[in-house]
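These are the residues of each chain, in order.
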Amino acid sequence: MGPAGRGGPRPGGGPPPGGGGGGAPPPPPPPVPLDAAITFAPVGELVPVAMRALDRGGVLSIAGIHLSDIPPLNYERELFYEKEIRSVTANTRADGVEFLTLAAQHGVRATTHRYPMSQADRALADLAAGRFDGAAVLVADA
């Protein structure tokens with residue numbers, strides 16, 4: 001997930017129904033609206049929270065094997081502006097091994113650029129500016 005950089009106000013906000021699950025306060029919103037987000041948690045109450053964090057045209061991918069019921073969504077706050085929710089089919093460890101084997105056989109290579117964790121802001125700025133192709137990878141500071 002990454003910052004959208006398109007600016008402009010987001011509709012809605014506020015806590016999700018039920019206060020964010022189990023009486024816990026909802027997580028704070030990100031500093032900028034997101035282009036995309038991925039949830040792995042099996043907690044359906046996080047879906048509206050994640051949807052509110054998205055910018056216009058943003059996509060939420062739900063990547064869990066199990067998900068509790070999703071509370072009702074508020075159209076204006078959580079879906080308006082062409083936001084999308086996608087479910088992602090869960091794969092097994094064997095599926096992953098098979099995929100990586102095929103990728104190696106066909107010469108698929110990932111292009112990564114390493115940044116120390118302390119340079120996370122620089123990594124995001126480089127990504128936003130299109131200074132490289134591939135993925136930025138944050139590693140622990142030495």
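Nothing here was measured: the structure is a model prediction, and the numbers come from that model.

### A look at the packing of aromatic side chains
Two measures describe an aromatic ring pair: the distance that separates the ring centres and the angle between the ring planes. Under the defined criterion, the tally for this structure stands at three aromatic pairs. Taken together, a centroid distance of 5.7 Å and an interplanar angle of 65° make the contact between Y75 and F80 edge-to-face. Residue Y75 is classed as exposed on the basis of its relative accessible area, which comes to 54%. Judged by its relative accessible area of 33%, F80 falls in the partly exposed class. Judged by centre distance (6.2 Å) and plane angle (35°), the rings of Y115 and F132 are tilted. A residue pair is termed long-range when its members are at least 10 positions apart, and Y115 in strand β4 (residues 112-116) and F132 in the loop between α4 (120-129) and β5 (135-139) qualify at 17 residues. Members of the aromatic cluster, joined through ring pairs, are Y75, F80 and Y81. Between the NZ or CZ atom of R56 and the centre of the ring of Y81, over which it lies, the distance is 3.9 Å.

### Quick notes on the environment of A53
Tracing the backbone shows A53 in helix α1 (residues 46-53). Taking the C-alpha atoms as reference, A53 lies 8.6 Å from E78; in sequence the two are 25 residues apart.

### Some thoughts on the sheet that holds strand β3 (residues 84-87)
Spatially, the three strands line up as an open sheet ordered β1-β2-β3, and their pairing is parallel. A single partner strand is all that each edge strand has here, and the edge strands are β1 (34-39) and β3. Across the sheet, the mean angle from the axis of one strand to that of its neighbour is 15°, orientation sign disregarded. With four bridges connecting them, strand β2 (residues 54-62) and β3 associate as parallel partners. Bridge pairing in β3 places S61 opposite R86.

### What to know about the pattern of salt bridges
The full count for this structure, using the stated rule, is five salt bridges. Of the charged contacts in the structure, one is a salt bridge between R52 and E78, with a shortest N-O distance of 2.4 Å. Of the two residues, R52 is situated in helix α1 and E78 in helix α2 (residues 75-79); the sequence distance between them amounts to 26 residues. For the residue pair R52 and E78, the accessibility class agrees, reading buried in each case. For the salt bridge of D126 with R122, the shortest nitrogen-to-oxygen distance reads 3.8 Å. On the criterion of helical spacing, the pair formed by D126 and R122 is a turn pair, its members being four residues apart in helix α4.

### A word on the nonpolar core
Here is a general trend for soluble globular proteins: nonpolar side chains tend to be buried in one another's company. Of all hydrophobic cores here, the largest spans nine residues; its members are L34, A37, V47, A50, M51, A53, L54, L60 and I62. For this core, the elements supplying multiple residues, two or more each, are β1, α1 and β2. Here this core gets four residues from one element, more than from any other, and that element is α1.

### Concerning α4
For α4, the complete set of buried residues consists of A120, A123 and D126. Each buried residue of α4 lies within a common arc of 125° when the element is viewed along its axis, so the set occupies one face. Looking at α4, the residues exposed on the side facing more than 90 degrees away from the buried face are D121 and A128. Here the buried face of α4 lies against β4 and β5. Phi turns positive, to about 70°, at G130, one or two residues after α4.

Rules of the game
Residues numbered from 1 in each chain as written. Predicted model: local features only at pLDDT ≥ 70, side-chain atom pairs only at ≥ 80, totals over all residues. Heavy atoms only, no water. Phe/Tyr/Trp six-rings, centres within 6.5 Å; stacked < 30°, edge-to-face > 60°. Buried < 20%, exposed > 50% of the residue type's maximum accessible area, 1.4 Å probe, protein only. Helix = DSSP H or I, 4+ residues; strand = E, 2+ residues; numbered from the N terminus. Lys NZ or Arg CZ within 6 Å of the ring centre and 35° of its normal. Pairing = 2+ DSSP bridges. Axes fitted to C-alpha atoms, helices over the stretch in contact; angles between N-to-C directions. Salt bridge = Lys/Arg side-chain N within 4 Å of Asp/Glu carboxyl O. Core = buried A, V, L, I, M, F, W, Y, C linked by side-chain atoms within 4.5 Å. Arc of directions from axis to C-beta. Contact = heavy atoms within 4.5 Å.

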